[in-house]
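# Observations on the three-dimensional arrangement
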Number of protein chains: 2
Amino acid sequence: MEIFTDIQEVKTANTKSPIHDLISERWSPRMFSSDAIGREEMRTMLEAARWAASSYNEQPWRFIYAFKGSRGYEKIYNCLVEFNQKWTRNAPVLMLTVVKENFESGKKNAHAMHDLGLAMGNFTLQAQSLGIALHHMAGFDGDKARDVFDIPEGFRPATVVAIGYYGGDASELPDDIEKSEYERRERLPIDDIASEGKWN
Amino acid sequence: MEIFTDIQEVKTANTKSPIHDLISERWSPRMFSSDAIGREEMRTMLEAARWAASSYNEQPWRFIYAFKGSRGYEKIYNCLVEFNQKWTRNAPVLMLTVVKENFESGKKNAHAMHDLGLAMGNFTLQAQSLGIALHHMAGFDGDKARDVFDIPEGFRPATVVAIGYYGGDASELPDDIEKSEYERRERLPIDDIASEGKWN
């Protein structure tokens, strides 16, 4: 689809230092191709996530995923805030991520969310290499997700991720959301986030 | 170095689903090649980190990095717990990661650590593609790091990362640490961390 190729070009990171294509070409769409995601692809992405580093190798990441049309999908969908419900119907997979809050020892794991992020970094890389896009969401009701899936104490819903192949037709999105699909990705300058030997 | 090649082989993830080499071959050494890391490579890895997704595009990640031999390096080194001081001297770069705790609006950002993890996921991928290894550490004194670098309220030291080219000689490490360099990486089975449509 020519229009989609144009969007990909707009979304590609413009960098002074050359970075890996799997990073520069990644973005977080709110539209997806109508191609289904299979159990095999899900397995591969989860396998990738699994090999991330974590504090004391605690692996504090848990995942509940569901395919469009299933009861599990509806359960996750119903936890999303209204804004996210406006576009997530296009995603062939929704996934709830959950963190294990404490170490096996019982002590609080202050790095659980960080380590989930590392695992989702691996998941993202693997997805991107397959042409699959993710959109992470903080906008959902964590308490509702806990209820709906009977998630025990000691675990905490962290994000919902929409997953699907890159593609789709932005013009089918609500107008305000459609617009964001054409916008350039913006980031803070490197010198605002990093410095040598001192706090900036 | 033949021995090092053998270690790389032991450390490579053994997976049923094929995953990207940049993930399967990554591990967290406590030894590094004596090759220096240049400012150019640091810039490239930070550039990669910068393009991660984040909640409301808040980009709550900050980095202080320092090269071996510099005053900044000693400052970071001195914040590490004793165990980590035993091996980090081999790393040509130490980096303190910091999260911005609140959104611009002032509201607490519950996903700051998660998003730092995503950024470090990108940093890791870029590093791995350059033959550079990372070792994340939670074992350091965050209050001391805050003091030493005058990190303001609203920001919180999160991790220290040792950075260097893969390589080095494990036999130069203290015995207990040397041993861990030869051990296989272990992870929970996929079915213990992920399930379809329900909490496992």
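Before any of the text, the structure's been laid out above.
Here is what the cut-offs are and how they apply
- Residues numbered from 1 in each chain as written.
- Chains lettered and ligands numbered in written order.
- Predicted model: local features only at pLDDT ≥ 70, side-chain atom pairs only at ≥ 80, totals over all residues.
- Heavy atoms only, no water.
- Helix = DSSP H or I, 4+ residues; strand = E, 2+ residues; numbered from the N terminus.
- Rg over C-alpha atoms; globule rule 2.2 N^0.38 Å.
- Buried < 20%, exposed > 50% of the residue type's maximum accessible area, 1.4 Å probe, protein only.
- Contact = heavy atoms within 4.5 Å.
- Areas by Shrake-Rupley, 256 points an atom, 1.4 Å probe, with all protein chains shown as cover.
- Axes fitted to C-alpha atoms, helices over the stretch in contact; angles between N-to-C directions.
- Parallel < 35°, antiparallel > 145°, perpendicular 65-115°, else oblique.
- Left-handed = near helix turned anticlockwise from the far one by under 90°.
- Nonpolar A, V, L, I, M, F, W, Y, C, P; charged D, E, K, R; others polar.
- Pairing = 2+ DSSP bridges.
- Polar contact = N/O pair within 3.5 Å; in protein donor to acceptor, adjacent residues only side chain to side chain.
- Salt bridge = Lys/Arg side-chain N within 4 Å of Asp/Glu carboxyl O.
- Least-squares fit on C-alpha atoms with pLDDT ≥ 70 in both.
- Phe/Tyr/Trp six-rings, centres within 6.5 Å; stacked < 30°, edge-to-face > 60°.
- Lys NZ or Arg CZ within 6 Å of the ring centre and 35° of its normal.
- Core = buried A, V, L, I, M, F, W, Y, C linked by side-chain atoms within 4.5 Å.

### Topic: the overall build of chain A
Within chain A, the regular secondary structure consists of 9 helices and 5 strands. Across chain A, helices and strands are ordered from the amino to the carboxyl terminus as α-α-α-β-α-α-β-α-β-α-β-α-α-β. The C-alpha atoms of chain A give 18 Å as radius of gyration, which agrees with the globular expectation for 200 residues (16 Å, within 12%). Put simply, chain A has 200 residues, and 58% of those count as buried. Taking the intrachain contacts of chain A between residues at least 6 apart in sequence as the baseline, contacts between residues at least 24 apart amount to 75%. Of the roughly 8,700 Å² of accessible surface on chain A, a fraction of 46% belongs to carbon and sulfur atoms.

### Description of the packing of helix 6 (residues 112-129) of chain A against helix 6 (residues 112-129) of chain B
It is the contact of helix 6 of chain A with helix 6 of chain B, at a shortest axis distance of 7 Å, that shows an interaxial angle of 45°. Considering the angle they form, helix 6 of chain A stands oblique to helix 6 of chain B. For the crossing formed where helix 6 of chain A meets helix 6 of chain B, the hand is right-handed. Where helix 6 of chain A approaches helix 6 of chain B, its residues M113(A), H114(A), L116(A), G117(A), L118(A), M120(A), G121(A) and L125(A) are matched on the opposing element by M113(B), H114(B), L116(B), G117(B), L118(B), M120(B), G121(B) and L125(B). Among the residues making up the contact of helix 6 of chain A with helix 6 of chain B, the classes are represented as 10 nonpolar, 6 polar and no charged.

### Focus on the sheet that holds strand 3 (residues 132-137) of chain B
With mixed pairing, 5 strands are arranged side by side in an open sheet as 5(A)-1(B)-2(B)-4(B)-3(B). Each of the sheet's edge strands pairs with one partner strand only, and the pair in question is strand 5 (194-196) of chain A together with strand 3 of chain B. Direction aside, the axes of adjacent strands within the sheet are offset by 25° on average. Pairing between strand 3 of chain B and strand 4 (residues 155-165) of chain B: 6 bridges, direction antiparallel. Each residue of the ladder has a partner; that of L134(B), found in strand 4 of chain B, is I163(B). Running at roughly 90° to strand 4 of chain B, helix 7 (residues 142-149) of chain B makes contact with strand 1 (61-67), strand 2 (93-100) and strand 4 of chain B of the sheet.

### A look at the environment of R39(A)
The residue R39(A) is located in helix 3 (residues 39-50) in this model. Distance from R39(A) to A66(A), taken between C-alpha atoms, is 9.8 Å for residues 27 residues apart in sequence. In this view, R39(A) contacts F67(A) and E196(B); residues no more than four positions away in its chain are not counted. Polar side-chain contacts of R39(A) include one of 2.7 Å to the side chain of E196(B).

### Quick notes on the pattern of salt bridges
Tallied over the entire structure, the rule returns 18 salt bridges over all chains. We note a salt bridge from R43(A) to D191(B), for which the minimum N-O separation is 3.2 Å. You can see R43(A) sitting in helix 3 and its partner D191(B) sitting in helix 9 (residues 190-193), one on each of two chains. With relative accessibility at 34%, the residue R43(A) sits in the partly exposed group. On the basis of relative accessible area, D191(B) is assigned to the partly exposed category, the value being 42%. The closest approach of N and O atoms between R50(B) and E47(B), which form a salt bridge, is 2.4 Å. Of this pair, R50(B) and E47(B) are both found in helix 3 (residues 39-50), 3 residues apart, which corresponds to roughly one turn of the helix.

### Observations concerning the relation of the copies chain B and chain A
The transformation that overlays chain B on chain A combines an axial shift of 0.0 Å with a rotation of 180°, and the residual RMSD is 0.0 Å. A rotation of that kind, with that shift, is consistent with a two-fold axis. Mapped onto chain A, 100% of the interface residues of chain B again fall at the interface, so both copies present the same surface.

### Some details on the packing of aromatic side chains
All names here are of chain B. The full count for this structure, using the stated rule, is 8 aromatic pairs over all chains. Ring geometry for Y56 versus F103: centroids 5.5 Å apart, planes at 85°, classification edge-to-face. With a gap of 47 residues between them, Y56 in the loop between helix 3 and strand 1 and F103 in the loop between strand 2 and helix 6 connect regions that are remote in the sequence. A residue is classified by how much of its surface remains accessible, and Y56, at 73% relative accessible area, is exposed. In this structure F103 comes out as buried when scored by relative accessible area, which is 13%. Measuring from ring centre to ring centre gives 6.0 Å for Y65 and F67, while their planes differ by 85°; the resulting arrangement is edge-to-face. For Y65, a relative accessible area of 10% corresponds to the buried category. Just above the ring of Y77 sits the side chain of R89; from NZ or CZ to the centre is 3.8 Å.

### Some thoughts on the nonpolar core
Ranked by internal contacts, the top residues of the largest apolar core, which has 62 residues, are M42(A), I163(A), M42(B) and I163(B). Here M42(A) is in contact with I37(A), Y65(A), F67(A), V93(A), M95(A), F123(A) and I163(A), once residues within four sequence places are set aside.

### So, the side chain of S33(B)
All names here are of chain B. Note on placement: S33 falls in the loop between helix 2 (21-24) and helix 3. Reaching out from S33, the side chain makes a polar contact with the backbone nitrogen of D35 at a distance of 2.9 Å. Look past the residues within four positions of S33 in its chain and what remains in contact with it is Y165, Y166, G167 and G168.

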